[in-house]
Structures are given as C-alpha cells and as structure tokens.
Amino acid sequence: MKHLLSLEHLSRVDMDAILTATSDIKRRRGQPGPQPLAGQTWALIFAKSSTRTRVSFEVGLRELGANVMFLSAADIQLGRGEPIKDTARVLGRMVHGVVFRTFAQADVEEFARYANIPTINALTDEEHPCQILTDIFTFQEQRGPIQGKVVTFVGDGACNVPASWIFAAAKLGFELRIAAPKEFQPPLSLLERAGFNHVHAQQAPTGEVITGTLAATGGKIVLTADLQNAATGADLLYTDVWVSMGKEAEAAERIKVLTGYQINQALVKRARPGALVMHCLPAYRGKEIDDETFEAHAQTIFDEAENRLHTQKAIIAWLVG
Ligand code: CP
Ligand code: NVA
C-alpha cells in the first residue's frame, strides 16, 4: 500500500517518476485518457481551510474517474473527538483513498496505518509535500533541472512548506537557503533527518550562519538571518505566509519579528537575472511579498497554482499504479 505522507520518505526515483508523469498529464489534459479510479470513491477530510488543495484534488480525482466526497473535519465525528484510528477504520471499509489536511503529522500517519487505503497528506503543521512537488515541477518546467540550482526561502522558515523544501533539497541535490530570523529557523534535527551532514555554525558579521551538505546528492542547506546574502545569485525566490493556519494567536508577535523578511523589487535585484519568484499562496501583500513583485511574477505564481492539479493527478496515478 503506497501513501504520500511526507517528502522525507519519498525516494528520489519516485519523485522523478511523479515529476515526469506530471508533464505528460498536463500535456494530455482534456483528451480522453486513462481513468485508473473509475468506480472508486475518494474522500477529502479537511480540518483547515483550503482553496487550491481542495479544488485541485476534487477536479483531479474526478478527471481520473473517481467520485469525490468532501468532509469538513468539524462536521464529522472526528470534530467531536472520535479517534483518528476509528475514523480511519470506518473510511477504509467504504472509500478507496483519502486526502487529509490537518494539524499533526502523526494524525495523517496514524490514519494511513489504520485505514489501509492510499492516503495523501494535503498539509499538516509539519509538511506540505504536494505543494513542494508542484513547485519543483514548476521550476523545472521553466528553468530545467533543479539539481545544482539555488532556492532561497524567505520568511517563516520553521513551518511546513520550508520543511518539505529541506527534504527535497537533500534528495534532488540543490542548494536551499532559508532566510529567517533565528526564532523562525527550522530545528537542526530536521536537517539531520533529511540526511545533511557536516552541519556546522559559523559566525558572520551579520550573525550565525548554519550550513550543511549532503555529498551523495550535492544537496546543500544554509540557515541565516541575513536576507540580502541569502538572496544573492538565487535562481528562485520563494515565500509563504508569516502566520500559518493554526498560528493565528501568535499573529502580532510573528508580524513584528518577521517584518523585513519580504520578497520585493530590491531583493529580486540581488537574485540571478531572470530568477523566478514563487509563492504557495494565499499571499498577503505588504507582508511576505509586496504587491508590485507579486504582480510582476503573477504568471509564474498562477502557473504554480495550476500545476497543483497536474502534479497531484500524477501523485494519485503513482499511488494506485
Ligand atoms: N497552497 C495551498 O495549499 O493553498 P490552499 O491552502 O488554498 O489549499
Ligand atoms: N504555511 C502555510 C501554508 C499554506 C498553504 C500554512 O500552513 O498555513
């Protein structure tokens, strides 16, 4: 039984297979094609808001032949405290696959263990694997192989999106720089879990810089509070919201500490000429990105949003293939 719960446990070979299949699926959209889910019913269980993930999965599953059922976690007994493992054993007897967005990564993993049907992580507090596979597809569609390139993540470096980027950098062999204030940098344990070794800290004039490498793939990680240096020569500038879902109570403090960690025209000038700018969305103009930069890169950002559909169809076909 295959699941997509995390990029940590997705092999390079499987990532490449999904990314290659995405190109074919995108090209063939609208033509009569295989319907591997014909006769199946899939459930989407969402404990957090969603526009892109919900719509792209609903459309993609239908295009692959499935019936789809959207379940707000608050409306099913899960929301009143029914255990995950009981919900999983019920759904596992009725539907053929589940797409699950929730808080704890452990809950998605427990669901997959008990349901015994293909289960996809549609975002947890710890990872957003479908998003980052899509982002890499989008980068490669426009700029060729990501291996050896430099990706600079700007903003809350301790949330789900950069965590999935860390696992991807280790597997696909690119340099990931996370530009974030010290309190919003990912824990070193995550770098170690991703396989980065030679992790060490250096004192630079602008503060501590942590670097790690992974010789087997050529992957590299840099954690720094120095946004300007982190952006210099980057092939991709990437950001995400400062206040992730579930962190609303910390909003004022987060905005205070993260102010300045913004993708704007001055920062884009430091990147490589022709660098891409991406945002997983939703975007908060004036916070993690300014309006001018967002609109200047809207074509790429909305290609990225559209590509959720194609990439997730490839993920599902890989899961059931
Ligand atoms: N990027 C993303 O996952 O968007 P939604 O929260 O709208 O699904
Ligand atoms: N880090 C964000 C991603 C939204 C797609 C969140 O968890 O809210």
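Please refer to the structure placed before this passage.
Since this is a predicted model, take the numbers as computed values, not measurements. (Residues numbered from 1 in each chain as written. Chains lettered and ligands numbered in written order. Predicted model: local features only at pLDDT ≥ 70, side-chain atom pairs only at ≥ 80, totals over all residues. Heavy atoms only, no water.)

S.K.: Just to check I follow, could you spell out the site of ligand 1 for this structure?
M.R.: Around ligand 1, the neighbouring residues are Ser50, Thr51, Arg52, Thr53, Arg101, His128, Gln131, Cys280, Leu281 and Arg308. At 2.6 Å from an oxygen atom of ligand 1 is found a side-chain nitrogen or oxygen belonging to Thr53. Within the contact set of ligand 1, a nitrogen atom lies 2.8 Å away from a backbone nitrogen or oxygen of Cys280. Calculation on ligand 1 without its partners gives an accessible area of 260 Å², and the protein chains cover 95% of this total. One can see that ligand 1 is located within the largest pocket. (Near = heavy atom within 4 Å. Polar contact = N/O pair within 3.5 Å; in protein donor to acceptor, adjacent residues only side chain to side chain. Areas by Shrake-Rupley, 256 points an atom, 1.4 Å probe, with all protein chains shown as cover. 1 Å grid on protein atoms, 1.4 Å probe; cavity = no way out; pocket = protein on both sides within 12 Å on 5 of 7 lines; lining within 4 Å. Sits in = over half its atoms within 2 Å of the grid points.)

S.K.: Hey, could you run me through the sheet that holds strand β2 (residues 67-72) in this one?
M.R.: The pairing of strands in a sheet happens through backbone hydrogen bonds and is either parallel or antiparallel. Strand order across the open sheet formed by four strands is β2-β1-β3-β4, with parallel pairing between neighbours. Both outer strands of the open sheet, β2 and β4 (119-121), are each paired with one neighbouring strand and no more. In this sheet, neighbouring strand axes are inclined to one another by 20° on average, regardless of whether the strands run parallel or antiparallel. Sheet topology note: the strand β3 (residues 97-101)/β4 ladder contains three bridges and is parallel. Residue pairing in the sheet places Phe100 in a bridge with Asn121 of β4. (Pairing = 2+ DSSP bridges. Helix = DSSP H or I, 4+ residues; strand = E, 2+ residues; numbered from the N terminus. Axes fitted to C-alpha atoms, helices over the stretch in contact; angles between N-to-C directions.)

S.K.: Hey, could you run me through the site of ligand 2 in this one?
M.R.: Around ligand 2, the neighbouring residues are Leu123, His128, Cys159, Asn160, Asp240, Val241, Ser244, Met245 and Leu281. Asp240 is positioned with one of its side-chain polar atoms (N or O) 2.6 Å from a nitrogen atom of ligand 2. For ligand 2, whose accessible area on its own is 270 Å², the fraction buried by protein is 95%. Structurally, ligand 2 is housed in the largest pocket. Grouping the amino acids of the shell around ligand 2 by side-chain chemistry returns five nonpolar, three polar and one charged. (Nonpolar A, V, L, I, M, F, W, Y, C, P; charged D, E, K, R; others polar.)

S.K.: What's the story with the nonpolar core in this structure? I'm lost.
M.R.: Across soluble globular proteins, nonpolar side chains show a tendency to be buried alongside one another. Counting residues in hydrophobic clusters, the biggest one holds 62 residues, and the most contacted among them are Leu61, Trp165, Phe174 and Leu176. A total of nine residues in this core trace back to one element, the largest contributor, which is helix α6 (residues 160-172). The contacts of Leu61, once residues within four sequence positions are left out, are Leu37, Trp42, Leu44, Ala66, Val68, Val99 and Ile316. Formed by 20 residues, the second largest nonpolar core is a distinct cluster that contains Ala231, Ile263, Ala275 and Ala283. (Core = buried A, V, L, I, M, F, W, Y, C linked by side-chain atoms within 4.5 Å. Buried < 20%, exposed > 50% of the residue type's maximum accessible area, 1.4 Å probe, protein only. Contact = heavy atoms within 4.5 Å.)

S.K.: What exactly am I supposed to notice about the packing of helix α1 (residues 12-27) against α6 here?
M.R.: Interhelical geometry of α1 versus α6 gives an angle of 100° and a closest axis separation of 10 Å. Considering the angle they form, α1 stands roughly perpendicular to α6. On α6, the residues that touch Arg12, Met15 and Asp16 of α1 are Ala168, Lys171 and Leu172. Partitioned by chemical class, the residues of the contact of α1 with α6 number three nonpolar, no polar and three charged. (Parallel < 35°, antiparallel > 145°, perpendicular 65-115°, else oblique.)

S.K.: What's the story with the layout of surface pockets in this structure? I'm lost.
M.R.: A volume near 470 Å³ is recorded for the largest pocket. If you go around the largest pocket, you meet 29 residues; those closest to its centre are Leu123, Asp240, Val241, Ser244 and Met245. Within the residue set of the lining of the largest pocket, elements represented by two or more residues are α2 (52-63) and α6. Looking at the lining of the largest pocket, its residues break down into 12 nonpolar, eight polar and nine charged. Taken as a whole, the second largest pocket spans an internal volume of roughly 270 Å³. Forming the boundary of the second largest pocket are 15 residues, of which Ile25, Arg28, Pro34, Leu64 and Lys313 lie nearest the centre. Where the lining of the second largest pocket is concerned, the elements lending two or more residues are α1 and α12 (298-320). Top contributing element to the lining of the second largest pocket by residue count: α1, with three residues. Class assignment of the residues belonging to the lining of the second largest pocket gives a composition of six nonpolar, four polar and five charged. (Points joined across faces, edges and corners; volume = space filled by probe spheres on them.)

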